[in-house]
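Coordinate analysis (summary)
Single-letter residue listing:
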Amino acid sequence: MIATLIDLAYLVAASLFIVGMKRLQSPATARQGNRLSSIAMLIAVVATLFVAKILTPVEMLLGMVIGGGLGALMARRVEMTSMPEMVGVLNGLGGIASTFVASAELARYLSLSENTASTLVAVPFDVPIGITILLSILIGTVTFSGSFVAVGKLSGKISGNPISFPGMRLLTILMAIAAIGCFVVVSMNANAFPAEVQPVVWCAIGLVAIAFLLGILLVIPIGGADMPVVVALLNSYSGLAAAATGFVLDNTALIVSGALVGASGLILTKIMCDAMNRSLLNVLIGGFGGDEAAAVEGGTSMDGKSINETSAEDVAIMMTYAEQVVVVPGYGMAVAQAQHQVRELADLLQAKGVRVKYAIHPVAGRMPGHMNVLLAEANVPYDHLYEMDDINGEFDTTDVSLIIGANDVVNPAARHDKASPIYGMPILNVDNSRNVVVLKRSMRPGYSGVQNELFFHDNTRMLFGDAKDSIIAITNEVKELE
Amino acid sequence: MLENLIVFVLASFIGFEVISKVPQTLHTPLMSGTNAISGITIVGALMAAAMVGGDWAKWLGFAALIVAAINVVGGFLVTDRMLQMFKKKTTEKSS
């Protein structure tokens, strides 16, 4: 009876997760959707407390309070600019949680052989159980170490350059083979476990080490420019890890939720790949894109062409008398924390009758949709934000495109230069607008390490300096123009 | 095992259907929100921690509980924080 009720509670939770995710389809209902999901989680947790006839309520509460407290603290402290790192850390923790649960399950089988006083009916350890436990350990640990490498790259603690060494691909392949070997050995020894402890336990421990290394080896050769893809992919892995744990515990709630998350991460991965016109395989083995800092300090000329510098005053005049201004934000804006100043400038221009729109490239920033969040933080109404396909046709009738710290997503070389590493990537066609103003610190190329020919166009003007200072200067000049 | 596999595949299809319609604007909250959902592992952690087993099983379960709780609470709260910003403007605009 109780078991049926608990299963029903899991069904309710799973349904609420789906409804909650569906509500995320519109900004108006999204918050409610997130709340529904969290209620679903509460239902699942409470139901589980009944299943397990808690023997150590104090420890259990302690664990939840410690973990929950840390989580709440992180959620409150994190800057919107660091959201990709936050998501990366949480992905990693979700992964390692799966590893812990699968390991605990293994340890339980071990203790069952010594102590038969279990509250749960012991299912014999067989091949499917062995494989699901190992799968949970493998996916969970790869997610963990891979996520933390990604976090290191996102925060600049690890170089954003693709890191590679001789024999690395071979090592990766060897590790993958070793992982498969663990599965084979455990399958062969499953029926003897737990009486015959050694092979299974050593394989599980070995797999943790292999998977840990594999996670590092998989992410470290991927360049910083591809981080949106990596973050999305790891998100998918963390879901798969949860689903694998569900198989281990024979728990529907975990399987359904894990599958939902896995699918969601996979879709985002695909969207990010499409946005860069590259295949997932290409991203994973590519090694494309590096740090701004590591790129060559570019000169002021390219093929003998020179750039036009401009002043805040000129930009202010140009924008004040424009009919339409399109702002193209990039990671440079995020780094300078200039989103609030940008909104202020936009408000001022709008008050003077200028139409201001924001053009958002799908891979602007460090994770899918990152730029939208930053602008939302600065209270930019989301109906002023336009996705690439919706705004690209409008640049012909745009007077000024204001590019704030974006590089690769506006580089026309992607359209015609077959030699360029970003060739074929869909870009924002800002070069079609009457004037282009680029706010940038220096002539350094962007995350992909490619110099941007847009900067050398006749209708492009460069305004060097910190994006925040430049925007403030322009805003002050606009105010003067009464 | 087969039943679980069926559930997994069907749930994946539902996931694809539901998620593919989420606009780009909400991709970051979507990601942190689904991430919190993947913290459903907390259910597994609770089960592992509550079972009578050796010390190893208990401590591994306890460790799982802590990290999963970080994932769940941190994930939902940070998603809410983001979505709050999206929400605020609709009210501002309508006023």
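Residues numbered from 1 in each chain as written. Chains lettered and ligands numbered in written order. Predicted model: local features only at pLDDT ≥ 70, side-chain atom pairs only at ≥ 80, totals over all residues. Heavy atoms only, no water.

**Thoughts on the packing of aromatic side chains**
Residue and element names in this part refer to chain A. Evaluated as defined, the whole model comprises five aromatic pairs over all chains. Ring geometry for Tyr109 against Phe125: centres 5.2 Å apart, planes inclined by 80 degrees, an arrangement best described as edge-to-face. Linking Tyr109 in helix H4 (residues 83–114) with Phe125 in the loop between H4 and helix H5 (127–155), this pair joins segments that are 16 residues apart in sequence. When sorted by exposure, Tyr109 lands in the same class as Phe125, which is buried. Aromatic side chains Phe144 and Phe212 sit 6.3 Å apart centroid to centroid with 40 degrees between the ring planes, which places their arrangement in the tilted category. Placement of Phe144 in helix H5 and of Phe212 in helix H7 (residues 198–219) is noted, with a sequence separation of 68 residues between them. Taking relative accessible area as the criterion, Phe212 reaches 37% and is therefore assigned partly exposed. (Phe/Tyr/Trp six-rings, centres within 6.5 Å; stacked < 30°, edge-to-face > 60°. Helix = DSSP H or I, 4+ residues; strand = E, 2+ residues; numbered from the N terminus. Buried < 20%, exposed > 50% of the residue type's maximum accessible area, 1.4 Å probe, protein only.)

**Digging into the confidence of the model for chain B**
Here chain B shows a mean pLDDT of 84. Residues at 70 or above account for 87%. Mean pLDDT per element in chain B: helix H4 (residues 55–94) of chain B is the minimum at 81, and helix H1 (residues 2–19) of chain B is the maximum at 92. (pLDDT = per-residue confidence, 0-100.)

**Some points on the interface of chain B and chain A**
Between chain B and chain A, the contact holds 83 residues from the first and 112 residues from the second. Both sides together, the interface formed by chain B and chain A hides about 8,400 Å², and carbon and sulfur atoms give 76% of it. Between Arg31 of chain A and Asp80 of chain B there is a salt bridge, with the nearest N and O atoms lying 2.9 Å from each other. Our count for the chain B to chain A interface comes out at 17 residue pairs in polar contact (both at pLDDT 80 or more). Broken down by secondary-structure element, the contributors of at least two residues to the side of chain B that touches chain A are H1, helix H2 (27–38), helix H3 (41–50) and H4 of chain B. With 36 residues, the top contributor of residues to the side of chain B that touches chain A is H4 of chain B. For the side of chain B that touches chain A, the per-class residue count stands at 49 nonpolar, 25 polar and nine charged. (Contact = heavy atoms within 4.5 Å. Buried area = accessible area lost by both parts, 1.4 Å probe. Salt bridge = Lys/Arg side-chain N within 4 Å of Asp/Glu carboxyl O. Polar contact = N/O pair within 3.5 Å; in protein donor to acceptor, adjacent residues only side chain to side chain. Nonpolar A, V, L, I, M, F, W, Y, C, P; charged D, E, K, R; others polar.)

**Some details on a nonpolar patch on the surface**
A cluster of nonpolar side chains, contributed by Leu2, Leu5, Ile6, Val9, Leu10 and Phe13 of chain B, occupies part of the molecular surface with about 610 Å² of accessible area. Residue placement: Leu10 of chain B occurs in helix H1. (Patch = residues over 30% accessible without salt bridge, like charges linked within 9 Å, V, L, I, M, F, W, Y side chains within 5 Å. Areas by Shrake-Rupley, 256 points an atom, 1.4 Å probe, with all protein chains shown as cover.)

**Quick look at the state of the cysteines**
Under the definition given, this model contains zero disulfides over all chains. Free cysteine: Cys182 of chain A, not disulfide-bonded; nearest cysteine sulfur from Cys203 of chain A at 4.7 Å. (Disulfide = S-S within 2.5 Å.)

**Focus on the packing of H5 of chain A against helix H8 (residues 227–249) of chain A**
Residue and element names in this part refer to chain A. Orientation of H5 relative to H8, taken along the N-to-C sense of each, is 155 degrees, at an axis distance of 8 Å. Put simply, H5 runs roughly antiparallel to H8. Seen from above, H5 lies across H8 with left-handed handedness. Of the residues assigned to the contact of H5 with H8, the class counts are 16 nonpolar, eight polar and one charged. (Axes fitted to C-alpha atoms, helices over the stretch in contact; angles between N-to-C directions. Parallel < 35°, antiparallel > 145°, perpendicular 65-115°, else oblique. Left-handed = near helix turned anticlockwise from the far one by under 90°.)

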